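# Coordinate analysis (summary)
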Amino acid sequence: SLVAIGQGFSQNAGTVISTGSNSTDPNDPMSPHKQGIWLYVENKMAPLPIAAMKEMKTSGFIGAVVNPLGRIKEKTVFIGPRSDLRTPANPTFYFYGYDDMRHWSLAKLDQKKDTRELTNSATGVTSASTTNGVRDKDLIQFHSEQISNNVYKVTLNSPLKPGQYCFVSQMTALAPFDFGVDR
């Protein structure tokens, strides 16, 4: 079942994005919605919360200095071991107010005792090689379909395993939107 607890976001904030539909049903994806990412499950819609970030963390610096093949990792650390928003394994999402889906990624977060982490980059000390964004092993594949101007429907290529996830934008300073899957 769908559970949305308002941590880290406001349902009243943001610009309302028109879809061109006359519908006023808040659970109709074709109705206008506030800008953001919305979950659509069991004919109900709920906004994804913006993940509450705790800190940026860098690790591996000393090891990379000693070993030229070593890597320095930068991670974003999120408050809490899990998101308040829980979804089924194969949810549908709607992105309202974004003009290009190529810059969005869905990532699996590393769940710790009191936090969740997203590895943002890994850089070698003796080379210019960088992997900005999300590690390949953390990426979740999805399909996006433009349904209206600045409105996209997003479906997953395969069901999610239990864990913590977030949508992140690679090209903007937008905060990640998080959710979790229990089974």
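Residues numbered from 1 in each chain as written. Predicted model: local features only at pLDDT ≥ 70, side-chain atom pairs only at ≥ 80, totals over all residues. Heavy atoms only, no water.

### Overview of the overall build of the protein
Counted only if it meets this: Runs of E in the DSSP output that reach at least two residues are strands. Runs of H or I that reach at least four are helices, and both are numbered from the N terminus. Summary of the burial criterion: residues with accessible area below 20% of their type's maximum are buried, those above 50% are exposed, and those between are partly exposed, where the area comes from a 1.4 Å probe applied to protein chains only. Should any heavy atoms of two residues lie within 4.5 Å, those residues are counted as being in contact. All accessibility values rest on the Shrake-Rupley procedure with a 1.4 Å probe; residue burial counts only the protein chains present in the view.
For the protein, the count of helices and strands is one helix and 16 strands. Of all 183 residues assigned to the protein, the portion counted as buried reaches 42%. Look at the contacts in the protein between residues 6 or more apart in sequence, and 67% of them connect residues 24 or more apart. On the protein, roughly 9,900 Å² of surface is accessible, and the fraction owed to carbon and sulfur atoms is 50%.

### Brief notes about the nonpolar core
Stated formally: What we call a nonpolar core is a set of buried Ala, Val, Leu, Ile, Met, Phe, Trp, Tyr and Cys residues that are connected through their side-chain atoms within 4.5 Å.
Core analysis: the biggest nonpolar cluster contains 22 residues, and Ile37, Leu48, Phe93, Phe95, Trp104, Phe167 and Phe179 have the highest contact counts within it. When contributions to this core are tallied by element, the ones reaching two or more residues are strand E3 (36-41), strand E8 (92-96), strand E9 (104-108), strand E14 (151-156), strand E15 (163-169) and strand E16 (177-181). Each residue touching Phe179, except ones within four places of it in the same chain, is listed here: Leu48, Ser83, Leu85, Thr87, Phe93, Leu106, Leu160, Gly163, Gln164, Tyr165 and Phe167. Listed in part, the eight residues of the second largest apolar core include Phe78, Ala107, Val134 and Cys166.

Read these as layout, nothing more, since geometry by itself doesn't imply function.
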